[in-house]
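Residue-level structure breakdown
If you want the building blocks of each chain, they are given just below.
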Amino acid sequence: QVQLVESGGGLVQPGGSLRLSCAASGSISSINAMGWYRQAPGKQRRLVAGVNSGGRTNYADSVKGRFTISRDNAKNTAYLQMNSLKPEDTADYYCYAEITESSRWRPYWGQGTQVTVSS
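On a predicted model such as this, the values are computed, not experimentally measured, just so you know.

Focus on the overall build of the protein chain
In terms of regular secondary structure, the protein chain is built from zero helices and eleven strands. The N-to-C order of helical and strand elements in the protein chain reads β-β-β-β-β-β-β-β-β-β-β. By the compact-globule yardstick of 14 Å for 119 residues, the protein chain fits well, its C-alpha radius of gyration being 14 Å. For the protein chain, the spread of C-alpha atoms along the principal axes amounts to about 45 × 25 × 25 Å. The buried share of the protein chain, reckoned over its 119 residues, is 39%. Summarising the internal contacts of the protein chain: among those between residues at least 6 apart in sequence, 56% fall at separations of at least 24. Working note: accessible area of the protein chain is about 6500 Å², and carbon and sulfur atoms make up 43% of it. Averaging the positions of the 13 positive and the 8 negative side-chain charges in the protein chain gives two centres separated by 4 Å.

Take a look at the structure:
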C-alpha cells in the first residue's frame, strides 16, 4: 500500500518562502522519478519541478531560480523549497512519484497541499 503524503503548504506573503515535503511509504522497492505539479483554479495541472533517480532536476521556466527540488532516497522523500513566492504561485501542489513495488514502476500521486501567496 504505497502512499505519498504531502505537507508544508499554507499561507505566505509575497516574497516569502515555503518548503513542501512528500514522503512515500509502503512496499517500495525503488523510486524512479519524483516531481511536483501544481494546479490553480481553472487551469491545468502542470509540472513545476522534477528530479530523476540520479538527482538530475528540471523546472518550469516560471519557477527557475526560485524553487529547488531535492530528494532524500534514504527517507523516500522529496522536497520543494519555494523562495521569492509570488501570488501567481498560488495553487494546489501535488507530489508525483514513479514507484516500483514488484516489477516495473507505477505512477502515484499525493493528495495535494494548498499554497496561497497573498498580502
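Still to come is the rest of the account.
Details of the layout of surface pockets
The calculated volume of the largest pocket comes to roughly 260 Å³. Lining of the largest pocket is provided by 13 residues; of these, R38, A40, K43, Q44 and R46 occupy positions nearest its centre. Counting residues per element, the ones that place at least two in the lining of the largest pocket are strand 4 (30–39) and strand 5 (46–51). Ranked by the residues each element gives to the lining of the largest pocket, the list is headed by strand 5, at three residues.

Looking at the pattern of salt bridges
Opposite charge on two side chains allows them to pair when their charged atoms are near. Taken as a whole and judged by the stated rule, the model has three salt bridges. Residues D89 and R38 are paired through a salt bridge, measuring 2.9 Å at the closest nitrogen-oxygen approach. With a gap of 51 residues between them, D89 in the loop between strand 8 (77–82) and strand 9 (91–100) and R38 in strand 4 connect regions that are remote in the sequence. One salt bridge connects D89 with R66, and the closest N-O pair in it is separated by 2.7 Å. Placement of the pair is D89 in the loop between strand 8 and strand 9 and R66 in the loop between strand 6 (57–59) and strand 7 (67–72), with a sequence separation of 23 residues. On the accessibility criterion, D89 (1% relative accessible area) is buried. Where salt bridges share partners, they join R38, R66 and D89 into one cluster.

A look at the side chain of T77
Examined against the element boundaries, T77 turns out to sit in strand 8. A distance of 2.9 Å separates a polar side-chain atom of T77 from the backbone oxygen of K75. Excluding residues within four positions of it along the chain, T77 makes contact with C22, A23, M34, S70, R71 and D72.

Some words on the sheet that holds strand 8
The sheet built from four strands is open, its strands ordered 1-3-8-7 with antiparallel pairing. With one partner strand each, in any of the chains shown, strand 1 (3–7) and strand 7 form the two edges of the open sheet. Taken pair by pair, the neighbouring strands of this sheet meet at an average axis angle of 15 degrees, ignoring direction. Both strand 7 and strand 8 contribute to a ladder of six bridges, which runs antiparallel. For F67, the partnering residue across the bridge sits in strand 8 and is M82.

Conventions we followed
Residues numbered from 1 in each chain as written. Predicted model: local features only at pLDDT ≥ 70, side-chain atom pairs only at ≥ 80, totals over all residues. Heavy atoms only, no water. Helix = DSSP H or I, 4+ residues; strand = E, 2+ residues; numbered from the N terminus. Rg over C-alpha atoms; globule rule 2.2 N^0.38 Å. Buried < 20%, exposed > 50% of the residue type's maximum accessible area, 1.4 Å probe, protein only. Contact = heavy atoms within 4.5 Å. Areas by Shrake-Rupley, 256 points an atom, 1.4 Å probe, with all protein chains shown as cover. Lys, Arg positive; Asp, Glu negative; His and termini not counted. Charge placed at Lys NZ, Arg CZ, Asp CG, Glu CD. 1 Å grid on protein atoms, 1.4 Å probe; cavity = no way out; pocket = protein on both sides within 12 Å on 5 of 7 lines; lining within 4 Å. Points joined across faces, edges and corners; volume = space filled by probe spheres on them. Salt bridge = Lys/Arg side-chain N within 4 Å of Asp/Glu carboxyl O. Polar contact = N/O pair within 3.5 Å; in protein donor to acceptor, adjacent residues only side chain to side chain. Pairing = 2+ DSSP bridges. Axes fitted to C-alpha atoms, helices over the stretch in contact; angles between N-to-C directions.

Shape is all these values report; function is a separate question.
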